[in-house]
Amino acid sequence: MIIQGILHLLTGFDHLAFMLVALLAVVRRRDAQDPAPLRTAAVESLKVVTAFTIAHSFTLALAATGAVVLAAKPVEASIAATVLLTALSGFWQPTRWHGWPMAAAFGLVHGFGFAGALGEVIGAGARAISIGAFTAGIELAQVAVVLATVPLLYVITRRPRVARIAVPAISGIVAVVAAGWLIDRLV
């Protein structure tokens, strides 16, 4: 189940797009007076993915156990909307909301989507262990994405001339793709 969680995250392009723009906001928000801005950005990014994991674990457990049942189509559309909103937020200066609070709020939505994937691979027995292992796999994959992505985003955002082009470009591309996902999932 850990492997299933890793694979689910790494093949979930909507989740990877969400992570990219969420981490971009965290890296951009770093304090210019910070003596270790890359380290701070990495730590803050890990807080973001962990807040996301904690939040989605809650709704994942509710949905995977059948305590809450939601239709897949609105859940998938809502996930696309969270990606779109996060991408659009890249067009203004990040605030504290762009860190773990946003990730936790949107993680609640994504947890319902993860439940659909989890339901396909587990049976009725050992749900708690399966949910925990699946969640651990997602968190491990997210940490790997942070470690691979944050240094690159840091370099991009540290150079003002590059950042003026790259940040809106990344945000815009993800916003357009997410808008497409949203329309597709609503239709």
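Worth saying up front: this structure is predicted, and the values here are computed from it rather than measured.

*Asks:* I tried to follow helix H2 (residues 13-28) on my own but got confused; where do I start?
*Replies:* Taking 1.5 Å per residue, 16 residues should reach 22 Å; H2 reaches 22 Å between its end C-alpha atoms and fits that length. Counting buried positions along H2 gives 12 out of 16 residues, so the element sits mostly inside the fold. Restricting attention to buried positions, one finds in H2 the residues Asp14, His15, Ala17, Phe18, Met19, Val21, Ala22, Leu23, Leu24, Ala25, Val26 and Val27.

*Asks:* Would you mind showing me how to read the packing of helix H4 (residues 72-88) against helix H7 (residues 160-186) here?
*Replies:* Helix-helix packing is characterised by the crossing angle of the two axes and by the distance between the axes. Viewed as axis vectors pointing N to C, H4 and H7 meet at an angle of 160°, and their least axial separation amounts to 8 Å. On the basis of the axis angle, H4 is roughly antiparallel to H7. Between H4 and H7 lies a crossing whose hand is left-handed. Contact residues: Lys73, Glu76, Ala77, Ile79, Ala80, Ala81, Val83, Leu84, Ala87 and Leu88 in H4; Ser171, Val174, Ala175, Ala178, Ala179, Trp181, Leu182, Arg185 and Leu186 in H7. Its residues assigned to classes, the contact of H4 with H7 shows 15 nonpolar, one polar and three charged.

*Asks:* What is the right way to read the packing of H2 against helix H3 (residues 37-64) from this model?
*Replies:* With their axes 9 Å apart at the nearest point, H2 and H3 run at an angle of 140° to one another. When the axes of H2 and H3 are compared, the pair comes out oblique. The crossing of H2 and H3 is right-handed. Contact residues: His15, Phe18, Met19, Leu23, Val26 and Val27 in H2; Ala41, Glu44, Ser45, Val48, Val49 and Phe52 in H3. Classifying every residue of the contact of H2 with H3 by side-chain character gives nine nonpolar, two polar and one charged.

Rules behind the numbers
The residue numbers shown here count from 1 along each chain, following its written sequence. Residues qualify for local features only when their pLDDT is at least 70, as the model is predicted, and side-chain atom pairs are given and counted only at 80 or more; totals for whole chains, interfaces and linings, by contrast, use all residues. Side-chain metrics rest on all non-hydrogen atoms present in the structure, leaving aside hydrogens and water. Secondary structure elements are taken from DSSP: a helix is a run of H or I of four residues or more, a strand is a run of E of two residues or more, and numbering for both begins at the N terminus. By this rule the span expected of a helix is its residue count minus one, scaled by 1.5 Å. Per-residue accessibility, obtained with a 1.4 Å probe over protein chains only, is compared with the maximum for each type, and a residue is labelled buried under 20%, exposed over 50%, and partly exposed between these values. Helix axes are fitted only over the stretch in contact, all axes being lines through C-alpha atoms; the angle between N-to-C directions runs from 0 to 180 degrees. Under this scheme an angle from 65 to 115 degrees is roughly perpendicular, one under 35 degrees roughly parallel, and one over 145 degrees roughly antiparallel; angles in between are oblique. Here is the rule for handedness: rotate from the far helix to the near one, and if that takes an anticlockwise turn smaller than a right angle the crossing is left-handed, while a clockwise turn gives right-handed. By the convention used here, residues are in contact when the closest approach between their heavy atoms is within 4.5 Å. Each residue is assigned to one class: nonpolar for Ala, Val, Leu, Ile, Met, Phe, Trp, Tyr, Cys and Pro, charged for Asp, Glu, Lys and Arg, and polar for all the others, Gly among them.

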